[in-house]
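# Examining the three-dimensional arrangement
If you want the building blocks of each chain, they are given just below.
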Amino acid sequence: GCSVHAIGQIIKSQGGKQAVELSASSLRIVGECPGDTFPLAKKRHSLEYLRTIAHLRPRTNTIAAVARVRSTLAGSIHKFFQGEGFNYVQTPLITASDCEG
């Protein structure tokens, strides 16, 4: 994959799988990503390996699924307690390493 800068018009798609498509009049490659050196291949990776490429973890099916479940659970818990009249307060962290200056 790579990143591109495309200029054109959004038109009704001639194909049946999407409603619209981009009829590009200009296309410029902004950043290349050679497949042979990209660290996240289309295969299963161990969680230990994913720890070494933390910036790419959210792009994997496992980590993305966990993030969606956590988001749904947190949202539901907040909604329940707010419906019961509770307020969500983020208290300051108290640590032993506080210092002045």
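Heads up: the structure comes first, above all this text.
Report on the accompanying structure. What you see is a predicted model, and the numbers here were worked out from it, not measured in a lab.

Looking only at helices and strands, the protein chain features two helices and two strands. Along the protein chain, from the amino end to the carboxyl end, the secondary structure elements read β-β-α-α. Burial analysis of the protein chain (101 residues in total) assigns 7% to the buried set. For the protein chain, restricting intrachain contacts to residue pairs at least 6 apart in sequence, the fraction spanning at least 24 positions comes to 22%.

Let us look at the pattern of salt bridges. The final tally for this structure, using the stated rule, is one salt bridge. Of the charged contacts in the structure, one is a salt bridge between Arg-51 and Glu-48, with a shortest N-O distance of 3.9 Å. As far as the burial class goes, Arg-51 and Glu-48 line up, both exposed.

The next point concerns a nonpolar patch on the surface. Among the surface-exposed residues, Val-69, Leu-73, Ile-77, Phe-80, Phe-81 and Phe-86 lie close enough to one another that they form a single nonpolar patch of about 620 Å² accessible area. Its place among the elements puts Phe-80 in helix α2 (residues 61-83). The exposure class of Phe-80 is partly exposed, given its relative accessible area of 48%.

Here we take up the environment of Arg-28. Position of Arg-28 relative to the elements: it lies in strand β2 (residues 20-31). Residue Arg-28 is classed as partly exposed on the basis of its relative accessible area of 48%. In the structure, Arg-28 is positioned 23 residues away from His-5 in sequence and 5.2 Å away in space, judged by C-alpha atoms. Sequence-distant contacts of Arg-28, that is, excluding residues within four places in its chain, are made with Ser-3, Val-4 and His-5.

The final tally for this structure, using the stated rule, is two aromatic pairs. Geometrically, the ring pair formed by Phe-80 and Phe-81 is edge-to-face, given 5.1 Å between the ring centres and 80 degrees between the ring planes. When its relative accessible area of 38% is taken as the criterion, Phe-81 is described as partly exposed. Ring geometry for Phe-81 versus Phe-86: centroids 5.4 Å apart, planes at 90 degrees, classification edge-to-face. One aromatic cluster is present, built from ring pairs that chain together Phe-80, Phe-81 and Phe-86.

What counts, and at which threshold
Residues numbered from 1 in each chain as written. Predicted model: local features only at pLDDT ≥ 70, side-chain atom pairs only at ≥ 80, totals over all residues. Heavy atoms only, no water. Helix = DSSP H or I, 4+ residues; strand = E, 2+ residues; numbered from the N terminus. Buried < 20%, exposed > 50% of the residue type's maximum accessible area, 1.4 Å probe, protein only. Contact = heavy atoms within 4.5 Å. Salt bridge = Lys/Arg side-chain N within 4 Å of Asp/Glu carboxyl O. Patch = residues over 30% accessible without salt bridge, like charges linked within 9 Å, V, L, I, M, F, W, Y side chains within 5 Å. Areas by Shrake-Rupley, 256 points an atom, 1.4 Å probe, with all protein chains shown as cover. Phe/Tyr/Trp six-rings, centres within 6.5 Å; stacked < 30°, edge-to-face > 60°.

Just distances and angles here, no functional claims.
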